[in-house]
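Summary of the model geometry
Below, each chain spelled out in residue letters.
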Amino acid sequence: MEHRLPTGTPGEPGAAPLPPGRLQFEQVAAALLADGVVAAHERERIRFSAQGARNASEVHPLVLLSNLKLAASDGGDLNLERLTEWLAQRTGSRYLRIDPTRVDVASVTAVASHAYARRHRFLPLAVDGERVLVATSEPLAQEWLRDLQHLTRLRIELAVVNPLDLHRYTMEFFGVTRSVRGARGDVRGEANTTLPSFEQLVELGRTGDVNADDQHIVHIVDWLLQYAYEQRASDIHLEPRRDMGRMRFRIDGVLHKVFEVPPAVMTAVVSRIKVLGRMDLAERRRPQDGRIKTRSPGGREVEMRLSTMPTAFGEKCVMRIFDPEAAFKSIDQLGFSPQEAAGWTALVERPHGIVLVTGPTGSGKTTTLYSTLKRLATPDVNVCTVEDPIEMIAPEFNQMQVQTNIDLDFASGVRTLLRQDPDIIMIGEIRDLETAQMAVQASLTGHLVLSTLHTNDAPSAITRLLDLGVPHYLLSSTVNGILAQRLVRTLCPHCKQPHTLGRADWAVLADSEAAYPDAATPCRPVGCLECRRTGFLGRIGLYELLPLGSRLRGLIRADMDLAGFNRAARAEGVRTLRQAGLEKVAQGLTTIEEVLSVLPPPDESSALPDP
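To keep things clear, this report deals only with the structure shown in the data block. As a convention, each chain's residues are numbered from 1 in the sequence order in which they are written. Side-chain atom pairs in this predicted model are given and counted only at pLDDT of 80 or more, local residue features only at pLDDT of at least 70, and totals for whole chains, interfaces and linings cover all residues. The side-chain values count all of the structure's non-hydrogen atoms but skip hydrogen atoms and water molecules.

1. Overview of the overall build of the protein chain
Of the regular secondary structure elements, the protein chain holds 23 helices and 20 strands. Burial classes follow relative accessibility: with a 1.4 Å probe on protein chains only, a residue under 20% of its type's maximum area counts as buried, one over 50% as exposed, and anything between as partly exposed. A buried classification covers 53% of the 611 residues belonging to the protein chain. The long-range fraction of contacts in the protein chain, counting pairs at least 24 apart against all pairs at least 6 apart in sequence, stands at 68%. Shrake-Rupley sampling with a 1.4 Å probe provides the accessible areas, and residues are treated as covered by the protein chains on show and by no other component. Carbon and sulfur atoms provide 49% of the accessible area of the protein chain, an area that totals close to 27,800 Å². A helix here means a DSSP run of H or I that spans at least four residues, while a strand means a run of E at least two residues long, and both kinds are numbered starting from the N terminus. Any two residues whose heavy atoms approach within 4.5 Å are treated as being in contact.

In structure tokens form, the structure reads like this:
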């Protein structure tokens with residue numbers, strides 16, 4: 001996808017223009033002062049710094065100025081991005097921030113050589129049949145422009161970008177392209193598969209700048225993982241195809257294509273990842289699971305869960321990224337309202353009973369459970385989990401992984417945990433009657449049990465357990481409450497705009513006119529550089545909390561009427577997922593379309609099939 005460019009405006013008519021050629025510190029500083037961008041008390045600092053700038057002629061003037069941390073005349077800070085935007089306006093150019101997920105790396109690196117692009121400080125960003133979009137940090141040094149136009153026979157469009165971003169992406173894009181080319185003749189996998197412990201730490205990013213001597217596949221995988229961290233990806237998809245394999249990132253729940261590589265390189269990349277995840281390199285016919293523990297570019301430890309499966313063109317690999325900062329959040333960060341937070345806290349702080357979290361795959365159930373357990377796992381409490389697989393290693397828990405090849409399933413895992421003197425037990429998922437019976441047994445013997453189910457809403461969890469074969473009298477005496485949840489994309493705070501909704505719009509979500517919000521500030525998506533022009537940035541939870549009081553417990557029967565149970569729950573004050581979504585729309589956090597995209601139809605209250 002190509003970049004969409006905001007149109008810049010020229011500098012003030014009376015300001016002296018910058019001379020053509022490479023930017024010089026003294027000239028740029030003088031222009032800043034002439035335009036009144038810098039606070040008056042910073043003038044002497046700039047003049048004094050101009051003397052030292054002569055010794056750093058290879059460093060871009062905007063980088064030197066940003067390092068001074070100057071105060072702007074409007075009271076803000078003159079950081080590098082703001083200085084770049086000023087330069088674009090001063091030179092009558094377009095301003096752009098590079099979004100690497102929108103760049104077709106293979107095509108743009110074919111426009112010019114790495115050495116030529118680096119020497120003239122430019123980087124192609126998009127190519128089509130009529131034009132080439134080129135980023136530069138030197139908008140007045142255009143001696144290369146005619147040569148590039150003659151070479152490509154296309155129209156050249158220029159945009160001014162942050163000089164540090166330009167240098168970084170020039171190195172990365174040309175470096176990974178060179179590695180892909182080199183890997184075509186060197187697609188062997190890595191050798192050492194004898195890794196000593198469950199938590200192997202793979203150190204990435206130690207090779208520095210790209211050199212011709214780099215190991216090509218290692219560099220591609222290194223770049224891919226760090227790239228995913230920086231783009232806030234939750235999943236990495238490596239998909240083999242007949243002609244070119246695709247690499248895609250899931251960001252805020254939406255997949256974005258980021259790169260394509262030849263089939264032989266894709267095979268080698270998947271093999272490298274399998275080695276890091278201690279998977280069987282020789283086995284390509286069966287699905288496999290693995291995990292990698294590594295560090296993000298910022299130094300935080302990050303875990304990735306790996307899954308491979310055979311496809312028509314080779315092994316497909318999906319890596320799910322678990323950042324501790326994202327997996328362990330406070331109740332407020334998860335998106336609970338104050339009432340929901342108080343109700344959820346009351347449920348999970350009971351000494352015994354079953355608390356269930358329901359929703360489809362990818363609705364944030366694991367994050368909710370981990371964040372809750374993190375808060376409950378005090379030094380005087382023994383928290384044990386049985387999971388398939390272990391999503392995140394947490395030092396506060398005692399975690400056990402299901403291994404069906406040795407008959408260690410959820411039920412036998414819970415049976416083992418009951419002999420480990422636990423206070424709180426977390427079961428990854430209740431899938432069958434035996435696991436459900438063990439959960440009931442654990443709660444009856446004085447333990448708090450947390451688990452997940454796949455159902456559309458909270459009341460359907462009761463009928464799901466009844467369908468599995470759990471007696472109704474045991475459910476009514478052990479289940480404390482149920483939380484149903486979904487994740488919706490949140491509007492970008494940098495560009496969202498107020499938007500008026502009529503009664504017909506609210507009626508799509510509201511159950512009745514009485515549910516229409518009295519005070520609402522709905523907004524609509526616009527799109528900006530911060531959100532990659534999608535209009536959305538991040539996600540937030542919608543929650544339906546169903547605590548089981550004495551009246552609702554009395555309605556749990558073997559032939560339970562789910563519709564009647566739903567009506568009784570609403571009479572008890574339970575707020576549905578639709579009402580939670582309505583509230584988030586009224587607060588200007590998301591849109592009606594986003595809420596409707598994750599909710600089941602209003603007349604559908606049945607269990608989801610097992611994934």
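2. Brief notes about the sheet that holds strand β16 (residues 448-453)
Pairing between two strands requires that DSSP report at least two bridges joining them. Overall, mixed pairing links the seven strands, which are arranged β14-β13-β15-β16-β12-β17-β20 in an open sheet. Strands with a single pairing partner mark the edges of an open sheet, and in this sheet they are β14 (398-401) and β20 (536-547). Strand-to-strand twist in this sheet, taken as the mean axis angle between neighbours without regard to direction, amounts to 20°. Where strand β12 (residues 353-358) lies against strand β17 (residues 479-491), five bridges are found, and the strand directions are parallel. Fitted lines through C-alpha atoms give the axes, limited to the stretch in contact for helices. The angle between two N-to-C directions lies from 0 to 180 degrees.

3. Describing helix α14 (residues 365-376)
What sets the pattern is the α-helix's 3.6 residues per turn: residues three or four places apart point alike. Between its terminal C-alpha atoms α14 stretches 17 Å, which fits the 16 Å expected from twelve residues at 1.5 Å a residue. Among the residues of α14, Lys365, Thr368, Leu369, Tyr370, Ser371, Thr372, Leu373 and Leu376 are the ones counted as buried. To estimate how far a helix should reach, multiply one less than its number of residues by 1.5 Å.

4. Some remarks on unusual backbone geometry
One non-glycine residue, Asp252, lies in the positive phi region at around 55°. Mapped onto the elements of the fold, Asp252 is located in the loop between β7 (245-251) and β8 (254-261). Since its relative accessible area comes to 13%, Asp252 is described here as buried. Phi is positive for Arg278, which is not a glycine, with a value near 55°.

5. Some thoughts on the packing of helix α9 (residues 216-230) against helix α10 (residues 263-276)
Taken N-terminus to C-terminus, the directions of α9 and α10 make an angle of 75°; their axes are 10 Å apart at the nearest point. Taken together, the axis directions place α9 and α10 in an arrangement best described as roughly perpendicular. On the side of α9, the interface is formed by Ile217, Val218, Ile220 and Val221, while α10 contributes Val265, Ala268, Val269, Arg272, Ile273 and Leu276. When grouped by side-chain class, the residues that make up the contact of α9 with α10 number nine nonpolar, no polar and one charged. Between 65 and 115 degrees an angle is taken as roughly perpendicular, under 35 as roughly parallel, over 145 as roughly antiparallel, and anywhere else as oblique. Gly falls in the polar group here, along with every residue not listed as nonpolar (Ala, Val, Leu, Ile, Met, Phe, Trp, Tyr, Cys, Pro) or charged (Asp, Glu, Lys, Arg).

6. A closer look at the side chain of Asp252
Definition of a polar contact: a pair of N or O atoms within 3.5 Å, with one able to donate and the other able to accept a hydrogen when the atoms are protein atoms, and with sequence-neighbouring residues admitted only if both atoms are side-chain atoms. Within the local environment of Asp252, its side chain forms a polar contact with the backbone nitrogen of Gly538, the two atoms lying 2.9 Å apart. Those residues in contact with Asp252 that sit more than four places away from it in its chain are Arg232, Arg489, Phe536, Leu537, Gly538 and Arg539.

7. Examining the nonpolar core
Counting residues in hydrophobic clusters, the biggest one holds 63 residues, and the most contacted among them are Leu238, Met247 and Met319. If you tally residues by element for this core, the top one is α9, at nine residues. Look past the residues within four positions of Leu238 in its chain and what remains in contact with it is Leu224, Arg246, Met247, Met266, Val269, Val270, Ile273, Glu315, Lys316, Cys317 and Met319. Core analysis: the second largest hydrophobic core is formed by 57 residues, Leu453, Leu542, Leu562 and Ala586 among them. Residues belong to one nonpolar core when they are buried, are Ala, Val, Leu, Ile, Met, Phe, Trp, Tyr or Cys, and are joined through side-chain atoms within 4.5 Å.

8. Section: the packing of aromatic side chains
Here a ring pair, both rings aromatic, is described through the centre-centre distance and the interplanar angle of the planes. Two rings from Phe, Tyr or Trp (for Trp, the six-membered ring) form a pair when their centres are within 6.5 Å of each other. A pair whose planes differ by under 30 degrees is stacked, one over 60 is edge-to-face, and the rest are tilted. Per the counting criterion, the structure on display carries nine aromatic pairs. Ring geometry for Tyr169 and Phe173: centres 5.5 Å apart, planes at 25°, overall stacked. With a gap of four residues between them, Tyr169 and Phe173 both fall in helix α8 (residues 163-183), about one helical turn apart. With relative accessibility at 0%, the residue Phe173 sits in the buried group. Here the aromatic rings of Trp223 and Tyr227 are separated by 4.7 Å at their centres, their planes lie at 40°, and the arrangement is tilted.

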